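Results of the structural survey
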Amino acid sequence: MYFKKPGKYVITKKIDSFFIGLNDALQFILRFFKEIFRPPYEFREIIRQCYEVGYRSLFLITLTGFITGLVFTKQSRPSLSQFGATSWLPSLVAIAIIRALAPLVTALIAAGKVGSNIGAELGSMKVTEQIDAMEVSAVNPFKFLVVSRVLATTLMMPMLMCYTGFVGMLGAYLNVHQNEMTSFTSFFQAAFDQISFLDIFSSLVKSIVYGFTIGIVGCYKGFHATNGTEGVGRAANASVVLSMFLIFVEEILIVQITNSFRP
Amino acid sequence: MEIETNNIYHGEVLIHVRDLYKSFGDNHVLQGIDLDVHSKENVVVLGRSGTGKSVLIKIICGLLKPDVGQVEVLGKEVAKLNDRELRQLRLQVGFSFQNSALYDSMTVRENLAFPLVRNARHLSKKEVSLEIESVLNDVGLSQTINQMPSELSGGQRKRIGIARTLILHPQIMLYDEPTSGLDPITSIEINKLINHVRHKFNTTSIIITHDLTCAKSTGDKIVMLYDGKFIRQGTFGEVFSTDDERIQDFYKYNFIDQ
């Protein structure tokens, strides 16, 4: 009679399961890159997901972007006015928003809204056997569910980031205009004086990386949800927490790399 | 204790399971299962909840991998197939889930179109629509075509789940607890549907259930799963004409109209 032997741990149960999880996640990412080039392509689903990720996040992004720009300018004013340097406000705000705040705020908002949504939706499909149902009807659920969502978040995040940057700058302009009566043109001229191609390029790279992270983490957590409705909640929560954590780690790494290119 | 059935089905063996073992941690679910399912035969796997009945059909359709053992479906060893080969095989194997597993963000029409448009890309929109209407007619639910799964009753969901598998015209149907959670009248309707599907689509089926009425009305061969092993098999009458307490207990707690 055959019985599967109980597993022996290489190091300890926790460390073993950490490395097994890491390997699973890497396999998941590798599978994404394999499936992305393999036909058939789910163009309709990708467009639908782009709409879900992009259009449906617009209100929240507009609100947070605008408030971030406005509040940042308001809070920076007293320090600069001590040195009589309020004329530097536009360029200071532009550097802060374009280099750091726009990609980061967009990513954190998207992690909360889009990441949790993906984790919960896929988690719910997993525990109600809808993913298995796709599998047994000879449809590749990974391509339909994962590839489309990860592509959508990766494509939409740079666009949302640009939009957040623009709205944030509008918020900043409103505050500057209120206090200094600066015109729209001179505010933006002053703001973009200090912005280089590297700033814009690194922000675009950041937002692509963040978009990919949010999509892949949400899909991974949802795809591996277990234990019924409790598992769905856990998948949604883990999607947000892990993507936010990874976004901050990536932020540090990309800033370090970008700074090494600065003169 | 096994009874050799006077099997009228001497056709080709479509599903061949040998020495199948499956464990989840320390829970040894299947412990040496052997099963042959012949062409056009309806085999019912009976057993209490948690005895591994669903695990067996999930292994047969490749959703789970066995620890040990051989599972051949339509002459192909499932565990050795790559993704593409497995998908080809699954076109021939329909799986009706216990909870129907309808895509809850799609209407009934979209649920049925989903596998069809992805597996028969040459079909025009009109052909897809005709196919959907035809299969909905077969399960008697044409009127639900634009409804969402949340608007359907349990019995309707089961029927739509069956329709979604039938739309690919499979040779083999695997039913996981087709009557669970349904009232007796709806259960009888589902049993009739299973028999209708068999005759209209010429399917070979494995039906997983603990409902004796379902087993009696749909099964040519009944196999009784207990503690991960088949303890008895034969026709309905043969399986229950025994003093074996494990089988008699199971019979006692089921209502059946003899």
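Residues numbered from 1 in each chain as written. Chains lettered and ligands numbered in written order. Predicted model: local features only at pLDDT ≥ 70, side-chain atom pairs only at ≥ 80, totals over all residues.

1. Considering the overall build of chain A
Put simply, the test is: We count a stretch as a helix when DSSP gives it H or I for four or more residues in a row; a strand needs E for two or more, and each element gets its number in order from the N terminus. Residue burial is a threshold on neighbouring C-beta atoms within 10 Å of the residue's own C-beta, all placed from the backbone, with 20 or more meaning buried, 12 or fewer meaning exposed, and counts in between meaning partly exposed.
Tallying secondary structure elements over chain A gives 9 helices and 0 strands in all. The linear arrangement of helices and strands in chain A, starting from the amino end, is α-α-α-α-α-α-α-α-α. When the backbone C-alpha atoms are referred to their principal axes, chain A occupies close to 85 × 45 × 35 Å. When each of the 263 residues of chain A is scored for burial, the buried share is 41%.

2. Quick look at the overall build of chain B
The line we're drawing: Computation of the radius of gyration draws on C-alpha atoms, with the globule rule given as 2.2 Å multiplied by the number of residues to the power 0.38. Contact between residues is assigned whenever the C-beta positions, reconstructed from backbone atoms, fall within 7 Å.
A count of helical and extended segments in chain B gives 9 helices and 10 strands. For a compact globule of 258 residues, the expected C-alpha radius of gyration is about 18 Å, and chain B comes in at 18 Å, within 12% of that figure. Seen through its C-alpha atoms, chain B measures out along the principal axes to roughly 55 × 45 × 40 Å. Burial status across chain B gives 44% buried among its 258 residues. The contacts of chain B with a sequence gap of at least 6 include a subset with a gap of at least 24, amounting to 67%.

3. Some remarks on unusual backbone geometry
A cis amide bond links P39 of chain A to the next residue, P40 of chain A, at an omega of 0°. Phi angles above zero are rare outside glycine, and H169 of chain B is one such case at about 50°. With respect to the helices and strands, H169 of chain B occurs in the loop between α5 (154-166) and β7 (172-176). Of the residues examined, H169 of chain B has 14 C-beta atoms within 10 Å and is grouped as partly exposed.

4. A word on the pairing of strand β2 (residues 27-38) of chain B
Residues and elements named next belong to chain B. Note the threshold: Think of it this way: DSSP has to see at least two bridges between two strands before they count as a pair.
Looking at chain direction, strand β1 (residues 13-24) and β2 are connected through 9 bridges and run antiparallel. Within β2, the position partnered with V13 by the bridge is H38. If you look at the hairpin formed by β1 and β2, you'll find 2 residues sitting between the two strands, and G25 has a positive phi there, around 65°.

5. Here we look at the interface of chain B and chain A
This is how it is decided: Here the term charged refers only to Asp, Glu, Lys and Arg, the term nonpolar to Ala, Val, Leu, Ile, Met, Phe, Trp, Tyr, Cys and Pro, and the term polar to all other amino acids, Gly among them.
Each partner contributes to the interface: chain B provides 25 residues, whereas chain A provides 15 residues. At the level of secondary structure, the elements contributing two or more residues to the side of chain B that touches chain A comprise β1, β2, α2 (83-90), α3 (108-119) and α5 of chain B. Ranked by the residues each element gives to the side of chain B that touches chain A, the list is headed by α3 of chain B, at 4 residues. The residue makeup of the side of chain B that touches chain A, split by class, is 12 nonpolar, 7 polar and 6 charged.

6. Concerning the sheet that holds β7 of chain B
All names here are of chain B. Test applied: To obtain each axis, a line is fitted to C-alpha atoms, and for helices this fit is confined to the stretch in contact; angles are then taken between N-to-C directions over 0 to 180 degrees.
Here 6 strands make up an open sheet; going across it, the order is β6-β7-β8-β3-β9-β10 and the pairing mixed. Every interior strand has two partners, whereas the edge strands, β6 (93-96) and β10 (229-234), have only one. Strand after strand, the sheet turns through a mean of 15° between neighbouring axes, direction not considered. In the sheet, β7 pairs with strand β8 (residues 204-209) via 5 bridges, with the strands oriented parallel. Bridging across to β8, L174 finds its partner in I206. Contacts between α5 and the sheet are confined to β6 and β7, with β6 contributing the most and set at about 170° to the helix.

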